Amino acid sequence: MFGDDHFKKEAERWRVNAGDHYRRAAEADKLGQAEQAARARELAVRATRKAELSERLIGRLQTGGGKLELTSIDTEAALKILDRFDSNPIEEVLAHAERDPYAEARLEIIRGKACSWAFGNAVRAEAIEEIVRMVQIMEEEGVEVNIAALARMTGISRQTLHTRVRTAG
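Residues numbered from 1 in each chain as written. Predicted model: local features only at pLDDT ≥ 70, side-chain atom pairs only at ≥ 80, totals over all residues. Heavy atoms only, no water.

*Asks:* For this particular structure, what's the right way to read the overall build of the protein?
*Replies:* Per the secondary structure count, the protein includes eight helices and zero strands. In sequence order, the protein lays out its α and β elements as α-α-α-α-α-α-α-α. For the protein, whose C-alpha radius of gyration is 21 Å, the value lies well above the compact-globule estimate of 15 Å for 169 residues. Considering only C-alpha atoms, the protein reaches an extent of 65 × 55 × 25 Å along its principal axes. Burial status across the protein gives 28% buried among its 169 residues. Counted over contacts in the protein with a minimum sequence separation of 6, partners at least 24 positions apart contribute 57%. Carbon and sulfur atoms make up 55% of the accessible area of the protein, which totals about 11200 Å². Of the charged side chains in the protein, 27 are positive and 29 negative; the average position of the first set lies 1 Å away from that of the second. (Helix = DSSP H or I, 4+ residues; strand = E, 2+ residues; numbered from the N terminus. Rg over C-alpha atoms; globule rule 2.2 N^0.38 Å. Buried < 20%, exposed > 50% of the residue type's maximum accessible area, 1.4 Å probe, protein only. Contact = heavy atoms within 4.5 Å. Areas by Shrake-Rupley, 256 points an atom, 1.4 Å probe, with all protein chains shown as cover. Lys, Arg positive; Asp, Glu negative; His and termini not counted. Charge placed at Lys NZ, Arg CZ, Asp CG, Glu CD.)

*Asks:* Sorry, what's going on with the environment of alanine 40 here?
*Replies:* By the element assignment, alanine 40 lies in helix H2 (residues 34-57). Taking the relative accessible area as the measure of exposure, alanine 40 reaches 7% and is therefore buried. Spatially, the C-alpha atom of alanine 40 lies 5.2 Å from that of histidine 21, the residues being 19 residues apart in sequence.

*Asks:* Looking at this structure, how should I read the pattern of salt bridges?
*Replies:* Oppositely charged side chains can form a pair if their charged atoms are brought close together. Summed over the entire model, instances satisfying the criterion amount to 11 salt bridges. When the shortest N-O distance is used, the salt bridge between aspartate 20 and arginine 23 registers 2.5 Å. Taken together, the residues span about one helical turn, with aspartate 20 and arginine 23 both in helix H1 (residues 4-30) at a distance of three residues. Taking the relative accessible area as the measure of exposure, aspartate 20 reaches 26% and is therefore partly exposed. Glutamate 52 is the partner of arginine 49 in a salt bridge, and the nearest nitrogen-oxygen pair spans 2.6 Å. In this pair, arginine 49 and glutamate 52 are both assigned in helix H2, three residues apart and thus about one turn of the helix distant. Here glutamate 52 falls in the partly exposed class, since its relative accessible area comes to 25%. A cluster of three or more residues bridged by salt bridges with shared partners is formed by Arg49, Glu52 and Glu76. (Salt bridge = Lys/Arg side-chain N within 4 Å of Asp/Glu carboxyl O.)

*Asks:* What should I look at first to understand helix H7 (residues 147-154) in this one?
*Replies:* Spacing of three or four residues puts side chains on the same side of an α-helix, whose turn is 3.6 residues. Among the residues of H7, Ile147, Leu150 and Ala151 are the ones counted as buried. For H7, the angular spread of the buried residues around the axis is 105 degrees, confining them to a single face. Exposed residues lying more than 90 degrees from the buried face of H7 are Arg152 and Met153. Looking at the packing, one finds that the buried side of H7 touches helix H6 (101-140) and helix H8 (158-168). Put simply, asparagine 146 is the residue that caps the front of H7, since its side-chain oxygen is 3.0 Å from the backbone nitrogen of alanine 148. (Arc of directions from axis to C-beta. Polar contact = N/O pair within 3.5 Å; in protein donor to acceptor, adjacent residues only side chain to side chain.)

*Asks:* Would you explain the packing of aromatic side chains in this entry?
*Replies:* Centre distance and the angle of the planes are the two values used to describe a pair of aromatic rings. Following the criterion strictly, the structure yields zero aromatic pairs and no others. The cationic tip of arginine 13 hangs over the ring face of tryptophan 14; the distance from NZ or CZ to the ring centre is 4.6 Å. (Phe/Tyr/Trp six-rings, centres within 6.5 Å; stacked < 30°, edge-to-face > 60°. Lys NZ or Arg CZ within 6 Å of the ring centre and 35° of its normal.)

*Asks:* What's the story with the nonpolar core in this structure? I'm lost.
*Replies:* Soluble, globular proteins show a tendency: their nonpolar side chains are buried together. Ranked by size, the top nonpolar core spans 12 residues in total: Phe7, Leu53, Leu57, Leu70, Ile73, Ala78, Leu79, Ile81, Leu82, Phe85, Cys115 and Ala118. When contributions to this core are tallied by element, the ones reaching two or more residues are H2, helix H4 (75-87) and H6. In this structure isoleucine 73 touches Ala78, Ile81, Ala118, Phe119 and Ala122, once residues within four positions along its chain are discounted. (Core = buried A, V, L, I, M, F, W, Y, C linked by side-chain atoms within 4.5 Å.)

Right, dumping it as C-alpha cells:
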C-alpha cells in the first residue's frame, strides 16, 4: 500500500503543487499583492519539502507503517530523522558483525520503530499544545483550572502542564 510507487506518485503530486503555488506567487507579484505572493511562496516551499520527503522514502526497507508515520508528522522533523538514519550507516551500527542480511533486516525494523517513536512524540507534543490552549480559553472565560487535578486526569506531569500554561500565556 505504501510502496515505492505510492511515494513516487506523492512526490510528483507535491512537485506539481509546488509549481502551482510558485505560479500563483508570480501572478500575485504582478498584481502587487505582496501578502498573497508571500503566502503562495510559503506553500510552495512546504510542498517542495513534502516532495523531498516522499522522494527520500523511495527504496527504503522500513515498514509501510514507519513510512506512513514519517509522512504524518512535521516534514522537517521527518527529514531530520532520515538524516539521522543516513548519517549512521549499517556498517557503523553493526560494528563487530559480518554483513548479515538478518541483522540488516532487524536494523530496518529498528528504524521503523524509530519512526513510530518520532510519530508518538509528535502526537504527544500536539496533544499537550491543544490541552494548554483549552486551559487558556477556559481561564480567559474566568474558569479556574486545577492543574494538579488536570495532570492526574491526563497523565501529563504537573510540572509540564504548569510550565506550558505559564509560558503560553
